[in-house]
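What follows is each chain in one-letter form.
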Amino acid sequence: MAPPVKVPLPPRNAQTFSTVCQFCIVGCGYKVYKWPVGRDGVAEANALGVDFRQPQAAFGKWVAPSMHAVITERDGKQFNIAIVPDDACSVNSGLSSVRGGGLAATLYAPDRPTKARLTTPLLAQGDGQKAVSWDEAVGLGAAIIKAVTDRWGADAVGMKFFDHGGGGGGFENNWAVGRLFFSGIGTRSASIHNRPAYNSEVHAAGDAGIAALTNAYVDAQLADTILVVGANPYETQTNYFLNHMVKNLSGDALSLKRGAFGAEAVEKGRMIVVDPRRTMTVAAAEAAAGKERVLHLAIEPGSDIWLLNGIARIILERNWHDGAFISQRTETQTFEAYQRSSLMMDRPRNEMLGEAAQRTGISIADMEKAAQWIAAPKADGSPRRCLMHYEKGLIWGFKNYENVAAIVDLALLTGSLGKPGSGVSRLGGHQEGYVRPPYPGGRPALNVDEAVRRGAVKLYWVGGCNPLLTTLRAGAMEVAFKERGGLVTASLRASQGKPIGERVAGVVEALKQGGMFLMVQDIYSTASSAYAHLVLPAAGWGETNLTSINGERRLRLYQRFMDPPGDAKPDWAIMALFAKKLHEFYRAEGNSLLANRFLDFDWASDEDVFIQARYAFKGTAADPIEGYAGVTYDLLRRLGPNGIQTPTRIVNNVVVGTARLYEDGKFATPSGKARFITASPPYPGYAAKVEAQRKRYRFWINNGRSNHIWQTVYHHRFLDFFNERMPIPHLEMHPDDAKELQIAAGDVVEIANDVGRVEAMAYPTDAVKRGHTFLIFGQPRGAAGELVSDHVDPATTIPYYKGAWADVRRIGPRPELTKTVSFLPQNVAE
Amino acid sequence: MTGQEDEAGCGHRRTASVDRRKVLQWGGAVGLAATGAVPKVSLAQEVTPAVAEKGFPVFEVAPLAKIEVGSEIAFQYPDADSPAVLLRLDRPAEGGIGPGQSIVAYSILCTHKGCPVAFKRSHNMLLCGCHWSSFDPAKAGRMVIGQASEPLPQIALEVSNGVVRAVGVAGLIYGRHTNIR
């Protein structure tokens, strides 16, 4: 096919919409232009307002081919869509990322690969699935939900759903899902995307009285030092890194600092990156700031608690801690316990730091340097401003609770909260928008994976997730789907054409024999939906209005600009269909108690859901970030790409946002003071099954996201730009390790251990140390979950995803798979 | 990757048919050049119709004999506002011509925000200094890592009478809605 030598320009009268990228947490602003095919603008007169008779200069407005698509609406009319980064948005200031720059390419069109979207409900029939009406799908599904609940109780209905913002999530969909499952059905058998349970990933921060997202993005421009633990923002929080962190590192933010801090000593920023790999983040930070202002701590696995507490110990002993903050803003007795337990003050300094150095692989000198950059007073004696960020390296690290506690404690020790240039926050993966009625279960939350495998879950409803790909010990999950699901499939096959009552009775019989009814709600077919008895097609980003917050709690309206494909519906509307049907069933039985649990689903629009959630959602005291008093779609429309930062409050009839949390010094505990969360010595060791794996296999299989690969590549697997880069998952390994195993770049290798096996293409690179490797987390042709044991942190039910060890074996070259793949280093910036 | 090529309808693929044609034509030209039997090359729009909407100009970049391994030649193509670079790599390249298919040329305007990319010989990559997107000149300008959403536009080359000539562009050059103004 011919290459694109022309991208049509939007005419001056093109429809315009404001939206936010559907992918990562950063939530860059984008502008959507829509106009009928054949009514293009011209070079000298177009909606972009620039004259294309001359080429645009660098940083100009440009519609890259990936930013344009032709779509077909339900009525058959065709439109051009151009989606370009919005320079009026303070998040990205007109920058796109590899993900956002290709938003248009992900749109549904019947004549492009995205035609693979689900367009109609499907019911298992014969050896496959056949299209059915929504009436039939909802009638059967709701009847089975009721039968399961009546016979086995609410917990027999299991769910695994998105809880995020951005594409497919958002306040509206999350609220509707929570209404149906929690205040409706009342199940505790709930779980979130790839994880086995329904839980916070940062319980320790919550217990300390600190929310997950505390700072404003501008704080990354104002900080003296940015500490990044277990995250790779160049690749996975791109424009937060490029548009904010880099400006600080390069000195471009100096005038902003002077304006904000007056006479206080300011200089360009420093960055500390704690990551086992020398990532592109490290390379780019060095290029921006100079090598002498970047400290990369290439940590050994399982030792974050030692590193962070070792640094804290140095800070305390050097008297660089913030005594006033600690005495006024924290519960004093927790600080005492923290010193005694976490910082091991009864052990001599050098002994404690010596052990920390030995376990982390990081010298005491580097820990001292880090301590200095984080907390030593500045040249003029003013306190240093440190912004602390953490993500999956810590959260999915060796001990979720104590890991997160260690960085939150470090922030409390140094008073790094509630002032410009500071904060302690997740860097985040997906966007947020968690508004739901309270989860009926306790803590630690019920492990749903286990309940599915054990047979306690009789009906499993999976929405926007793909457990066969991303859960831990994924192979065992597939066996459960196949065997337990197979019993139901056989029953449905036998009852084909019979009245619904008989079909439901047949399914219940199969469930009694150990079967499981599987429902999958998604935008595309997945490995999981292949086993589903009922498949429900959901609308995606741009096909319904939605609202979400980004990593600085910036709430915006993502405007609908096109129809969903076929009969696909927004998730909130699907939830409402089922709730109304369940209400009808229970009312017909005269069971008003249960019928009433499914009242108030009569939403006429997405905004109805948004407003209902606004009134009903109380959040938790520890995590107030999704409160949005007074916010309406109309307000958000007026606020456009910059929206408003949550939580909001109403002052003199004006809705006011919150740029930065805790500026009032009040934390989310009953006392209003923050708590240090202690890790008791000896620090926890590896769980038995992890330790056995670690001893038995040669390589640590670190794993995570990457620049090109957004989560499970659910859209991008259909797009050449991405597919040609990563047709199969890659495994980074040290060149010397590769050489020893006679593995060349691009060779397919087998990664195998006692849990399972994965095939990947070898990508030799000095980014990883010897004995370490790095595997892409959720690539559908091979996911890290196949290798991860089912061990979870007993305090939080959070898996140790980063904790897999395996052997690596060369299979051989597969040039037909890898011919488009570059094996040049991915961490070069100068 | 046959299966994926079948899905190429998705829009903005630029390698399949164009490159196959390029390889055939340029490979042929190189072969002939090596034997000294160089035919007169017809107008560019006739030899590379797949990359031409309105017809690209023909631009003589350099004599083949003077392009050594490691050569880096700056030129403008298809017009004076479009900086480009010709490289002779130490390895065969997709769409490459000349000895070992090692000669390639690209627009140097990064397809992210239009900053110029520079060739980093130590890593055999074209690297943008603004946001550190990098492109592999041996892989048709595909992005190694970075924030562009398109490969670097590759300039179609051919050898005619011992001279390497630019005859077309695959992909859209940054800042334009058409390559030919």
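Above this text is the structure in question.
Read on for an overview of the structure. (Residues numbered from 1 in each chain as written. Chains lettered and ligands numbered in written order. Predicted model: local features only at pLDDT ≥ 70, side-chain atom pairs only at ≥ 80, totals over all residues. Heavy atoms only, no water.)

1. Focus on the state of the cysteines
- Here the structure, examined in full by the defined rule, presents 1 disulfide over all chains.
- Disulfide partner of B:Cys115: B:Cys130, at an S-S distance of 2.2 Å. Torsion about the S-S bond of the B:Cys115 and B:Cys130 cystine: about -90°, corresponding to left-handed handedness. Within this pair, whereas B:Cys115 is found in the loop between β4 (103-107) and β5 (117-120), its partner B:Cys130 is found in the loop between β6 (125-128) and β7 (134-136), the two being separated by 15 residues in sequence.
- For B:Cys115, a relative accessible area of 4% puts it in the buried group.
- What makes B:Cys130 partly exposed here is its relative accessible area of 29%.
- Just so you know, A:Cys28 is unpaired, no disulfide at all, and the nearest cysteine sulfur is the one on A:Cys24, 6.3 Å from it.
- Judged by relative accessible area, A:Cys28 falls into the buried class, the value being 7%. (Disulfide = S-S within 2.5 Å. Helix = DSSP H or I, 4+ residues; strand = E, 2+ residues; numbered from the N terminus. Buried < 20%, exposed > 50% of the residue type's maximum accessible area, 1.4 Å probe, protein only.)

2. Considerations on the environment of A:Asn239
Residue and element names in this part refer to chain A.
- Relative to the elements of secondary structure, Asn239 occurs in helix α6 (residues 238-250).
- For Asn239, a relative accessible area of 1% gives the class buried.
- Note: C-alpha distance between Asn239 and Ser97 (142 residues apart in sequence) is 6.9 Å.
- Once residues lying within four places of it in the same chain are set aside, the contact partners of Asn239 are Val26, Cys28, Val91, Asn92, Leu95, Ser96, Ser97 and His244. (Contact = heavy atoms within 4.5 Å.)

3. A short note on the nonpolar core
Residue and element names in this part refer to chain A.
- By size, the foremost hydrophobic cluster in this structure holds 176 residues, and its most contacted members are Phe181, Trp461 and Ile751.
- Those residues in contact with Phe181 that lie beyond four places of it in its chain are Val157, Met159, Phe161, Gly186, Thr187, Trp461 and Met575.
- Core analysis: the next-biggest nonpolar cluster, separate from the first, contains 56 residues, Cys89, Leu95, Ala231 and Ala288 among them. (Core = buried A, V, L, I, M, F, W, Y, C linked by side-chain atoms within 4.5 Å.)

4. A look at empty space enclosed by the protein
- One pass over the structure, following the stated rule, counts 4 cavities of 30 Å³ or more.
- Here the second largest cavity is characterised by a volume of approximately 120 Å³.
- What lines the second largest cavity is a set of 15 residues, among which A:Glu235, A:Arg277, A:Glu732, A:Gln826 and B:Ile145 lie closest to the centre.
- Of the residues contributing to the lining of the second largest cavity, the split by class is 5 nonpolar, 6 polar and 4 charged.
- Both domains that meet at the lining of the second largest cavity, namely domain 3 (214-426) and domain 4 (688-818) of chain A, each give it at least three residues. (1 Å grid on protein atoms, 1.4 Å probe; cavity = no way out; pocket = protein on both sides within 12 Å on 5 of 7 lines; lining within 4 Å. Points joined across faces, edges and corners; volume = space filled by probe spheres on them. Nonpolar A, V, L, I, M, F, W, Y, C, P; charged D, E, K, R; others polar. Domains from an automatic or database assignment.)

5. Examining the pairing of strand β14 (residues 459-463) of chain A
Residues and elements named next belong to chain A.
- Burial analysis of β14 places 5 of its 5 residues in the buried class, the great majority of the element.
- As paired strands, strand β7 (residues 157-161) and β14 are joined by 5 bridges and run parallel to one another. Bridge pairing links Phe161 to Gly463 in β14.
- Sheet topology note: the β14/strand β15 (residues 517-522) ladder contains 5 bridges and is parallel. By the bridge assignment for β15, Leu459 is matched with Phe517. (Pairing = 2+ DSSP bridges.)

6. Things to note about the pattern of salt bridges
- Counted according to the given criterion, the structure contains 63 salt bridges over all chains.
- As a salt-bridge pair, B:Arg181 and B:Asp81 come within 2.6 Å of each other at their nearest N and O atoms. Linking B:Arg181 in the segment after β10 (163-170) with B:Asp81 in the loop between β2 (72-76) and β3 (83-88), this pair joins segments that are 100 residues apart in sequence.
- Here the salt bridges share partners, and the residues they tie into one network are A:Arg195, A:Glu201, A:Glu391, A:Lys392 and A:Arg426. (Salt bridge = Lys/Arg side-chain N within 4 Å of Asp/Glu carboxyl O.)

7. What about the sheet that holds strand β8 (residues 142-145) of chain B?
All names here are of chain B.
- Within the open sheet, the 4 strands sit side by side as β5-β6-β7-β8. Their pairing is antiparallel. The sheet is open, and its two borders are formed by β5 and β8, each paired with just one other strand. On average, adjacent strands in this sheet sit at an angle of 35° to one another, irrespective of strand direction.
- For β5 and β6, the ladder comprises 4 bridges, and the chain directions are antiparallel. (Axes fitted to C-alpha atoms, helices over the stretch in contact; angles between N-to-C directions.)

8. Brief notes about the interface of chain B and chain A
- Taken together, the contacts link 57 residues of chain B with 71 residues of chain A.
- Buried area between chain B and chain A, summed over both chains or domains, comes out near 5300 Å², and the portion from carbon and sulfur atoms is 59%.
- Seen at the junction of chain B and chain A, the total is 1 salt bridge.
- The residue A:Glu724 makes a salt bridge to B:Arg142 at a minimum N-O spacing of 2.7 Å.
- At the surface where chain B touches chain A, the tally comes to 26 residue pairs in polar contact (both at pLDDT 80 or more).
- Looking at the side of chain B that touches chain A, the elements that each hand over two or more residues are α1 (2-6), α2 (16-35), β6 and β8 of chain B. (Buried area = accessible area lost by both parts, 1.4 Å probe. Polar contact = N/O pair within 3.5 Å; in protein donor to acceptor, adjacent residues only side chain to side chain.)

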